[in-house]
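Chain and residue survey
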Amino acid sequence: MLLSTFELLELRLKDGAHRCEGRVEVKHQGEWGTVEDMDWSLEDASVVCRQLGCGAAIGFPRAAYSGPGLGPIWLSYTSCEGVESTVSDCRHSNIKDYRNDSSSHDWDARVVCSGFVRLAGGDGPCSGRVEVYSGEAWIPVSDGNFTFPTAQVICAELGCGKVVSVLGHELFRESDGQVWAEEFRCEGEEPELWVCPRVPCPGGTCHHIGAAQVVCSAYSEVRLMTNGSSQCEGQVEMNISGRWRVLCASPWSLANANVVCRQLGCGVAISTPRGPHLLEGGDQILTARFHCLGAESFLWSCPVTALGGPDCSHGNTASVICSGNQTQVLPQCSDSMAESAGSEASVESAPYCSDSRQLRLVDGGVPCAGRVEILDQGSWGTICDDGWDLDDARVVCRQLGCGEALNATASAHFGAGSGPIWLDDLNCTGNESHVWRCPSRGWGQHDCRHKQDAGVICSEFLALRMVSEDQQCAGWLEVFYNGTWGSVCRSPMEDITVSMICRQLGCGDSGTLNSSVGLREGSRPRWVDGIRCRKTDTSLWQCPSDPWNYTSCSPKEEAYILCAGSRQLRLVDGGGPCAGRVEILNQGSWGTICDYSWNMKDAHVVCRQLGCGEALDATRSSSFGAGSGPIWLDNVKCTGKESHVWRCPSRGWGKHYCDHSEDAGVICSGFVRLAGGDGPCSGRVEVHSGEAWTPVSDGNFTFPTAQVICAELGCGKAVSVLGQVPFRESDGRVWAEEFRCEGEEPKLWWCPRVPCPGGTCHHSGAVQIACSVYTDVRLLTNGSSQCEGQVEMNISGRWRALCASHWSLANANVVCRQLGCGVAISTPNGAEGSDQLWKARFHCSGTESFLWKCPVTALGVPDCSHGNTASVICSGNQTQVLPQCDHFVSEPAGSAASEESAPYCSEFLALRMVSEDQECAGWLEVFYNGTWGSVCRSPMDDVTMSIICRQLGCGDSGSLNTSVGLREGSRPRWVDLIQCRKTDTSLWQCPSGPWKYSLCSPKEEAYISCAGRRPKRCPTAAPCTDREKLRLRGGDSECSGRVEVWHSGSWGTVCDDSWSLAEAEVVCQQLGCGQALEAVQAATFGPGNGSIWLDEVRCGGRESSLWDCAAEPWGQSDCKHEEDAGVRCSGVRTTLPPTTAALSSYEDALAEAVYEELDYVLTQKEGLGSPNQRTDVPAENYDDAEEVPVPGTPPTSQGSKEEVLPEKDDGMRSSQTGSCLNFSREAADPGEGEESLWLLQGKKGDAGYDDVELSALGTSPVTFS
């Protein structure tokens, strides 16, 4: 209840790391007591922080955080709304000592506040824009009258060492025009900014140019000491967190020394003499390594690494002799020297010259990897990679104090530089002190371009990761050093160090060490121990530690870290790791997300977080089934940019108004895909960055990595890995990591990765892989594998004998070649089959390298359990000539192979959709045994549908329409039970029930709508010329009637406004009907129906097509069908002369499947033949269909013909539907010993036939003559 008598409660936070965190205590009657955390919320914590001037509430940890309190428990509960000024303003219990009511200090409330001041927008918590918390928001402080002592207080309060710079003029954030309305007047000794005197700005607005910026650093003052006095020469000492430390001379460079001299106002560095040898006090030496270029104003501005710094207790201290003023003319130098790591500095080192040469590594992301650049004559330039090798790289790495050379990169691996190319044909021995002292072509002499810029990767190149089988932000901590991943030791690893690690890995701002985890399996380097990060450090690399050592600790001391971001995310019941119900593991329990406001932005965050590529769908209403356990999040409202779904705005953790019937789900594309191949199981390897698909380079890509990808995609096993594929022109990006899979990982996402220095992997192109369920093959006789015997194939990890039906010598020859057993001699009868027989039919030409490269059909294949197994006898060598075949046969389904089988030529198959007005939607039909027939729809899943649509050129997906009515007419219903697999690239490869005339009822015929569904552009199945889009109807001959045109998927009429003999002449000529006799108006041939497509048509009379005439826009008319236009022409419509070749009944039936394609290609304006060539229009009752032919035909009465190799890139066009018909005007020259497939035959010179090539799927083209 609310206190009846108002009492303003004094408040404090106790036993925290600073004033603004700890256990909540209130003062009553002069005694401090605690507050019980029953129902304690962020709103309560916010009021506490506001009352104390401690900024925003960032947490309210429970249990023993800050330790239990003592004395009374004054409040049993508080209930704040979050807007109150003090806790006294909130609803709360009566004040009394609740220890008497069995309350315990184990439940004392605790709060962590952000503090009153922060530095924002910098590299870490110790640099950036000064902002203070108003109680509602962070407000920037103006640079007007902002003082250095105020900055000192801020740096000290934040635990950030001392102030090293105060900057102004930074523009305020555009989104917020607020400025803090007070000026701070600190003296510099105050413990925190909150207690500094303040002066309100008149009118509440401070004079300013911008926001004040402060930079704090643990590395602040520097001095040169000789015999206890500071001057312009002597031992280099630095004030680090208030303590003067001597700097180690290894590695110490003249560039570093020059910065020290400039910072002290002592001119420039003259030399770096040998410092005193240290016999004691080794802990006083700072082993951090500064990587200055020489032009920086302060030593702390230089890049610095401290992790793994070498032990310097018995080394030398860094010393400097400065010129003593800033105007002295520097002595002339031929070159400059930088002492190598670990060497003693010379007494009189060569001077460092401001206009002399400098060395740096660029675009590597870290100081010790990148493109090599040299500063000379005021310009930075590069080194050409001619002759560039590890000896050259060793000199560069040693000169820069970056350890040993791991790699000498070429071909602008880190990107192309600019400016001069200073050196070429470098030939270092590896012992030179400077890279410009190595033999070369001469300074500035080269024959290169910047695409040949040289680079290096040194052993000091570092990377960080966590290793875990199933977690993203928890696991064994590993560092990449000296070219190898190794463990990190956990001593002493305080909270600030763990927080630094988690932050660097994008896993939240805090974490804990898990010391109860068991010993890790395997062995590896244990690179570093004794890491002690400070607040001023912005990455782990800047944290001091013990030196690098291969065995820095015992295996039981390897660090296992749990970051605050170690909540886990998974997708459940979706059939794979990248689709399903979204579940979060929190506080030991898996729970779901409510689907209220769930959308694609939310799904995008989930997919990216899981490494599952892009979001394809955000599902609702428990589409993957209802979950159980808690519902952790509700009303999630992601922007799409968040790194974790729980970082999105929501109703609050565990707060919801849902049940499990509203669980959210997602469908993601997956982290990896194979693109640009024949299907989802072959092509260029691409991974999803969270924003776009990015190709993986072929540099160091391994076969085990390919195996993991194939398994993850459900594509069987890897059968080939290819490189040197050019990257897509539209996108020059390359994935910036190398994958190091071992081959057993469940997903590519879990494989170890090695970052490519600078984000650029060395490559000669994109990597391509091919996966297949058909992998290994063997010949078995009496259980042993050799060069003759029963043919067995490893299919999806299981050895299966192949069926002898349709087994050919060509197939056998490929098996022999693949096994290194020469060529096939014969295919004898095999043993009686079993249920282990694999009945798919391979259609090899005989020249393939592997059986899995041959076309394969499984659709409609009969059961082979009582047939024969395929067997082969190989020659045992690779030189025997294949036997010639004088004819080709199509084996009857289920027959046994002959002892000396001829090569197999499969039945001709084609595929189409039948619809009156749609392309890429309709009744699915297959051409088999000379007749078109339906396909049955059971079970026909999404994979099957995708293959059908892809094969017909109709997109990558489709759906069954089960609500369409029964189809009229009767026809065969050829095939049922089609079950395609991801590895299949065409419908013909998909297993199914056997071919049969009536496999299902008429109501089970498949009607499919593909993603590419659209209205027909033509009245025929094939793309058409203008002639096919024009017709006459209602007349007394083919050359008279109402004019109708095809547009937007339907026939319509032409209005007679402006209709004259000129327009009629164009129509008659276009239709091949001679001259126009009359332009008929007023629906003389009867009114039409449908659209009136054209009005106000105005032709000159000489146009070749009505489409070339002027008219109103399509479909815009003020007419009725009583005004339909017509024509009377002089002639009878011309047609193609009939062929004199006699066709078999099979060929007559087959003509329906191919003539539309022939007519289309021969009449294309941009195709072969003259542009004015015309052919007949299809008859009205001709089927509208999309067709795709595949291998083979039945036997013909003609003799053998030889195969004709296809011409490539000859401008021939194929059907938009995926047909493989191509055409040639020249007779082909038969080759010797080649197989051919014949679909139509006629005598050369027949009037009705042009020479035509038909390329069936998976076969070579054949010629019609």
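Notes on the structure follow. Computed from a prediction, not measured in an experiment: that's the story for all the values here.

**Comments concerning the packing of aromatic side chains**
Overall, the coordinates contain 21 aromatic pairs when judged by the stated rule. An angle of 70° between the planes, with centres 6.3 Å apart, marks the rings of phenylalanine 116 and phenylalanine 184 as edge-to-face. On the criterion of sequence distance, the pair formed by phenylalanine 116 in the loop between strand E8 (110-113) and strand E9 (117-124) and phenylalanine 184 in strand E13 (residues 182-184) is long-range, its members being 68 residues apart. Note on accessibility: phenylalanine 116 and phenylalanine 184 belong to one class, buried.

**Observations concerning the pattern of salt bridges**
A complete count under the given rule lists 39 salt bridges for this structure. Put simply, glutamate 237 and arginine 223 hold a salt bridge, and the shortest N to O gap is 2.8 Å. Placement of the pair is glutamate 237 in strand E18 (residues 233-240) and arginine 223 in strand E16 (residues 219-226), with a sequence separation of 14 residues. By relative accessible area, glutamate 237 is classed as buried at 11%. For arginine 223, a relative accessible area of 21% puts it in the partly exposed group. Note that arginine 684 is salt-bridged to glutamate 686, the shortest N-O span being 2.7 Å. Like arginine 684, the residue glutamate 686 is buried in the burial classification.

**Comments concerning helix H4 (residues 390-399)**
Among the residues of H4, Asp392, Ala393, Val395, Val396, Cys397 and Gln399 are the ones counted as buried. Just downstream of H4 lies glycine 401, where phi reads positive at about 70°.

**Some remarks on the environment of valine 130**
Within the fold, valine 130 resides in strand E10 (residues 127-133). Valine 130 gets classed as buried once you look at its relative accessible area, which sits at 1%. The spacing of valine 130 and leucine 119 is 11 residues in sequence and 4.9 Å in space, taken between C-alpha atoms. Among residues more than four places away in sequence, those in contact with valine 130 are Val117, Arg118, Leu119, Ile139, Pro140, Val141, Phe146, Ile154, Ala212 and Val214.

**A closer look at the nonpolar core**
In terms of nonpolar packing, the biggest core is built from 30 residues, with Tyr774, Val791, Leu802, Trp807, Leu851 and Val872 touching the most fellow members. A total of 5 residues in this core trace back to one element, the largest contributor, which is helix H8 (residues 809-818). Residues within four places of tyrosine 774 in sequence aside, it is in contact with Val719, Met793, Asn794, Ile795, Trp838, Ala840, Phe842, Trp852, Val856 and Arg981. By size, the runner-up hydrophobic cluster in this structure holds 29 residues, among which are Met238, Ala288, Ala306 and Ala318.

**Here we look at unusual backbone geometry**
Cis geometry marks the peptide bond from serine 491 to proline 492; its omega dihedral reads -10°. For proline 492, the location among the structural elements is in the loop between strand E33 (484-488) and helix H5 (495-504). Residues other than glycine seldom take positive phi values, yet methionine 940 does so here, at roughly 40°. Take methionine 940: it is sitting in the loop between strand E61 (931-935) and helix H9 (942-951). Positive phi values are uncommon outside glycine, yet alanine 1082 reaches one of about 55°. Topologically, alanine 1082 is positioned in the loop between strand E68 (1076-1080) and strand E69 (1092-1094).

**Considering the state of the cysteines**
A full pass over the atoms with the stated rule returns 33 disulfides. Sulfur-sulfur distance for the disulfide between cysteine 816 and cysteine 874 comes to 2.0 Å. Between cysteine 816 and cysteine 874, the disulfide has an S-S torsion of -85° and is therefore left-handed. In this pair, cysteine 816 is assigned in helix H8 and cysteine 874 in strand E58 (residues 871-874), connecting sequence segments 58 residues apart. Cysteine 874 sits in the buried class, given a relative accessible area of 9%. What pairs with cysteine 949 in a disulfide is cysteine 1010, and their sulfur atoms sit 2.0 Å apart. Measuring the twist about the S-S bond at about -85°, one finds the cysteine 949-cysteine 1010 disulfide to be left-handed. Separated by 61 residues along the polypeptide, cysteine 949 in helix H9 and cysteine 1010 in strand E64 (residues 1007-1015) bring together distant segments of the chain. Judged by relative accessible area, which is 0%, cysteine 949 ranks as buried.

Cut-offs and rules
- Residues numbered from 1 in each chain as written.
- Predicted model: local features only at pLDDT ≥ 70, side-chain atom pairs only at ≥ 80, totals over all residues.
- Heavy atoms only, no water.
- Phe/Tyr/Trp six-rings, centres within 6.5 Å; stacked < 30°, edge-to-face > 60°.
- Helix = DSSP H or I, 4+ residues; strand = E, 2+ residues; numbered from the N terminus.
- Buried < 20%, exposed > 50% of the residue type's maximum accessible area, 1.4 Å probe, protein only.
- Salt bridge = Lys/Arg side-chain N within 4 Å of Asp/Glu carboxyl O.
- Contact = heavy atoms within 4.5 Å.
- Core = buried A, V, L, I, M, F, W, Y, C linked by side-chain atoms within 4.5 Å.
- Disulfide = S-S within 2.5 Å.

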